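Architecture and fold: a report
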Amino acid sequence: MTQTSPIVALRGLRLARGERTILRDVDLLVEPGQVVAVLGPSGCGKSTLMAALTGELAPADGSVEVLGRPMPRGGRELLELRRGIGVLLQGNGLLTDLTVAENVALPLRTHTDLPDAVIRRLVEMKLHAVGLRAAADAYPRELSGGMARRVALARALALDPPLMIYDEPLTGLDPIASGVVMSLVRRLNDTLGLTSIVVTHHVHETLPVADRALVIANGRIVFAGTPAELEKSDDPFVQQFLRGAPDGPIAFDAAPRVAGAAA
Ligand SMILES: Nc1ncnc2c1ncn2[C@@H]1O[C@H](COP(=O)(O)OP(=O)(O)OP(=O)(O)O)[C@@H](O)[C@H]1O
Ligand SMILES: [Mg+2]
């Protein structure tokens, strides 16, 4: 893999759940070092797209390449590729009876045979990176929502994945904690040399730190470009989404429920 080969390459991708097409005609290249915001109304298929990037959902058509390799269909190869992808899922998934440090250590204990002292040092570094070294011995219930999100972020970073995927990292956070988490996403991306994909409907918190934005609506990507281009776009889908208007070309209510609406 050369330096300039894309971190993610999706070509002619169609994703389906059972008989129903959720997304189609997806073509996307994500270059190394970028922070890409994936925007769109609830139920439009953002998480479905992420499931394709982690190999959980196989394409109905087209191809998925991640970290310079075609997505394996399963087995050892898939597990190996997944180690290169740090995923922060909606909700933090922290284990409540483990301390912060033990939570962050978990992927290292599961996937490496590093000695204890090295794991402790790595955990300290990850917690330092998210500004929470002092909270190492706390339990998740003792943390604020924003702190817990940052611990989950540290855990997602534990194995030094070159690609980070955040699915709704701001859910349940107040505006201040949201600002802290988003600037952390950008800073970690740049200082650790990562590539980041941020799925969110928090447009105004996310666009300022993004290099590129995608808008998904009605079963396809309706916009791909810079945040500045997005603000200027006169595409009716994009405008409706940015303004949060209930009436317009995006069928907010009908699309997720009507069978075949996106097919
Ligand atoms: N495992 C599944 N089986 C069947 N249908 C599914 C499955 N997961 C998602 N869907 C359907 O696919 C569509 C897209 O869902 P998805 O979760 O990708 O949306 P989303 O954009 O992430 O929404 P949100 O913003 O609410 O998280 C929805 O209509 C949903 O009902
Ligand atoms: Mg989702």
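Keep in mind the model is a prediction, meaning the values are calculated, not measured.

**Re the pairing of strand E8 (residues 195-199)**
Two faces, one strand: in a regular strand the side chains alternate between the faces of the sheet. For E8, a buried count of 5 out of 5 residues is recorded, marking the element as mostly surrounded by other parts of the structure. Here E8 shows two buried faces, one formed by Thr-195, Ile-197 and Val-199 and the other by Ser-196 and Val-198. Across 4 bridges, the pairing between strand E3 (residues 35-39) and E8 is parallel. Each residue of the ladder has a partner; that of Val-35, found in E8, is Ser-196. As paired strands, strand E7 (residues 163-167) and E8 are joined by 5 bridges and run parallel to one another. Within E8, the residue paired with Asp-167 across the bridge is Val-199. Since E7 and E8 lie parallel, the crossover through helix H6 (residues 175-191) that links them has a hand, and here it is right-handed.

**A word on the sheet that holds strand E5 (residues 69-70)**
If you trace the 4 strands from one edge of the open sheet to the other, you get E2-E1-E4-E5, paired in antiparallel fashion. Lying at the two open borders of the sheet, with one neighbouring strand each, are strand E2 (20-30) and E5. Pairing geometry for strand E1 (residues 8-17) and strand E4 (residues 61-66), over 5 bridges, is antiparallel. Among the inter-strand pairings, Ala-9 is bridged to a residue of E4, identified as Glu-65. Contacts from helix H1 (residues 46-53) reach E1, E2 and E4 within the one sheet, and its direction differs from that of E1 by about 120°.

**Brief notes about the UniProt feature "domain: ABC transporter" (unreviewed entry) in the protein**
Sequence positions flagged by UniProt for "domain: ABC transporter" (unreviewed entry) are, in local numbering, residues 8-243. Strand forms 25% of residues 8-243 and helix 38%; the C-alpha atoms that close the span are 29 Å apart.

**Let's talk about helix H4 (residues 116-129)**
With 14 residues, H4 ought to run about 20 Å at 1.5 Å a step, and its terminal C-alpha atoms sit 20 Å apart, in line with that. By the burial criterion, the buried members of H4 are Val-123, Lys-126 and Leu-127. Taken end-on, H4 shows its buried residues confined to a sector of 95°, consistent with a single buried face. Opposite its buried face, H4 presents the exposed residues Ala-117, Val-118 and Arg-121, each directed more than 90 degrees away. Considering only its buried residues, H4 is in contact with helix H3 (100-111) and helix H5 (145-156). Within two residues after H4, Gly-131 carries a phi angle of roughly 75°, on the positive side.

**Some points on H5**
Between the first and last C-alpha of H5 there are 17 Å, a value that for 12 residues agrees with the 16 Å anticipated at 1.5 Å per step. If you check which residues of H5 are buried, you get Met-147, Ala-148, Arg-149, Arg-150, Val-151, Ala-152, Leu-153, Ala-154, Arg-155 and Ala-156. On its buried side, H5 packs onto strand E6 (85-88), H3, H4, E7 and H6.

**Some words on the nonpolar core**
Grouped together as the largest cluster of nonpolar side chains are 71 residues, with contacts concentrated most on Val-36, Val-38, Val-104, Val-151, Val-198 and Val-215. A total of 7 residues in this core trace back to one element, the largest contributor, which is H5.

**Considering the sheet that holds E3**
Pairing is mixed in the open sheet, where 6 strands are placed in the order E6-E7-E8-E3-E9-E10. Edge strands, defined here as strands with exactly one partner in the open sheet, are E6 and strand E10 (220-225). Adjacent strand axes in the sheet meet at a mean angle of 15° when their direction is disregarded. Bridge count for strand E9 (residues 212-217) against E10 is 5 bridges, and the pairing is antiparallel. Paired with Leu-214 across the bridge in E10 is Ala-224.

**So, the packing of H3 against H5**
A pair of packed helices can be characterised by two numbers: the angle between their axes and the separation between those axes. At their nearest, the axes of H3 and H5 sit 8 Å apart, and the two run at 30° to each other. As summarised for this structure, H3 and H5 are arranged roughly parallel, according to the angle between their axes. H5 is crossed by H3, and the crossing has right-handed handedness. Where H3 approaches H5, its residues Val-100, Asn-103, Val-104, Leu-106 and Pro-107 are matched on the opposing element by Val-151, Ala-154 and Arg-155.

Conventions adopted
- Residues numbered from 1 in each chain as written.
- Chains lettered and ligands numbered in written order.
- Predicted model: local features only at pLDDT ≥ 70, side-chain atom pairs only at ≥ 80, totals over all residues.
- Buried ≥ 20, exposed ≤ 12 C-beta atoms within 10 Å, placed from the backbone.
- Helix = DSSP H or I, 4+ residues; strand = E, 2+ residues; numbered from the N terminus.
- Pairing = 2+ DSSP bridges.
- Right-handed = clockwise from strand over helix to strand, strands pointing away.
- Contact = placed C-beta atoms within 7 Å.
- Axes fitted to C-alpha atoms, helices over the stretch in contact; angles between N-to-C directions.
- UniProt positions renumbered as here; feature names shortened; annotations may be inferred.
- Expected span 1.5 Å × (residues − 1).
- Arc of directions from axis to C-beta.
- Core = buried A, V, L, I, M, F, W, Y, C linked by C-beta atoms within 7 Å.
- Parallel < 35°, antiparallel > 145°, perpendicular 65-115°, else oblique.
- Left-handed = near helix turned anticlockwise from the far one by under 90°.

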